[in-house]
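Chain by chain, the residues:
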Amino acid sequence: MTKDNGTISKHKFMEELRRYQKGSVTRRHFLGVTGLGMATAVLGTAMPGLRPRPAFAAGDIGDRVILATWPNYHDEMNFEAFTEATGAHVQVNVFGSNEEMLAKLQAGGSGWDVFVPTNYTITTYVGEDLIIPLDTSKLPNYDAGSFEQRFSDAGSVDGQLYAVPKNWGTTGFAVNTSKLDGAPTPTTWKEFWDLTMEGYSGRTMVHDYQLTTIGNALKYFGYSFNSVDEKELADAEKLLLDAKPHLFAISSDYQPPMRNGDAWMTMCWTGDGKQMNVDMPEIAYVLGAEGGELWSDYYAIPKGAPHMDAAYALIDFLLNPEVNAKEVLAHGYPSADARTNALLPKELLEDPILYPAADLLSALEFGAAATLTDPNRAELLARFKSA
């Protein structure tokens, strides 16, 4: 069941994780078998400030907090624990793109208390006065020095902190290798698009999100993921229009069709790739060799948040390393917080889906702020979706 040194094997760890997530075993059993309980106890004793504690007493923050976030991105049991500790219910609104999130906030009256923007969008929110500077005195679990800088820098604009790191990841594609009829697993974006229009016709999904869908079409030609060059965008548009009749769907919620076999390949984020691969090992997660996206997501508070105390309380709760470790185990996205990583099993920290080899990471690009508001990219995606 375990290795000779007493550590649990990767296979056994993931098996126990799925049993815990499905409610087949108790939290105590899961923490005991995997060793996470001991790691948490040791670190909590050495650093008492890491123990889960709400920033506000129960009843002080109202009865709800509204979180706008991405699909498959949290541990529901953490939300239940937050409600038990504070009395505030977590209402989750899911969105599929940063453009959708921006439009909602620009329109006003979103009702959100906390939202999860991606690194390249934060300067736009600041420029449009849609986001508030954070009061770190209300975030006792925030420790700037614990975060890897490249995944936390985007949260500060002109020396002011507007967002704190959630986690980071990559954008690649997931492919059901059992449908390849013995052919090698594709390793490039060129193969992704060619396979979409050939053997996987009618079975491929792309994001309902211009940054990644256009960006990964640009990679077919070797262009920058962030290009706003009109000629290069025209090449990407032709590819997208050629591929459109061969797509199963345009959606950022692609796990259900991949799991039930309706879709065989999809653009995919790290955590979704990991979640599917654990349950269905035939679904491989691939980073296109030509490059693509490296990203980091953040917690932020929109201007006019109706439940401000609850917003701070939820962010602080989720920043707690013990809570965040449970988040990572549930959603499969890597954390940039060294305190959280100290609580995670070695097998997870060495997983090639979550932590790709340096040569694969080096080809990736962070999204550029210009892509969020570039009219040519917005119009291209609209034409592609309506074609």
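Parameters at a glance
Residues numbered from 1 in each chain as written. Predicted model: local features only at pLDDT ≥ 70, side-chain atom pairs only at ≥ 80, totals over all residues. Heavy atoms only, no water. Helix = DSSP H or I, 4+ residues; strand = E, 2+ residues; numbered from the N terminus. Polar contact = N/O pair within 3.5 Å; in protein donor to acceptor, adjacent residues only side chain to side chain. Contact = heavy atoms within 4.5 Å. Buried < 20%, exposed > 50% of the residue type's maximum accessible area, 1.4 Å probe, protein only. Salt bridge = Lys/Arg side-chain N within 4 Å of Asp/Glu carboxyl O.

A.B. asks: Explain the side chain of Thr270 to me, please; I cannot follow it from the model alone.
C.D. replies: In this fold, Thr270 is placed in helix H11 (residues 270-279). Only 2.6 Å separates the side chain of Thr270 from the backbone nitrogen of Thr170, close enough to count as a polar contact. Setting aside its immediate chain neighbours within four residues, Thr270 contacts Gly169, Thr170, Tyr285, Gly332, Tyr333, Pro334, Ile353 and Leu354.

A.B. asks: Explain the environment of Ala387 here, please?
C.D. replies: Within the fold, Ala387 resides in the segment after helix H18 (375-386). Classification of Ala387 as exposed rests on a relative accessible area of 60%. Every residue in contact with Ala387, bar those within four places of it in the chain, is listed here: Leu241 and Lys244.

A.B. asks: Could you clarify how one ought to interpret the pattern of salt bridges in this entry?
C.D. replies: It is possible for side chains of opposite charge to pair when their charged atoms get near one another. The full count for this structure, using the stated rule, is 13 salt bridges. In this structure, Asp194 engages Lys190 in a salt bridge whose closest nitrogen and oxygen atoms are separated by 2.8 Å. Of this pair, Asp194 and Lys190 are both found in helix H7 (residues 189-196), 4 residues apart, which corresponds to roughly one turn of the helix. The exposure class assigned to Lys190 is partly exposed, which follows from its relative accessible area of 41%. The salt bridge involving Lys385 is made with Asp208; its shortest N-O contact spans 2.7 Å.

Nothing here speaks to function; it is all geometry.
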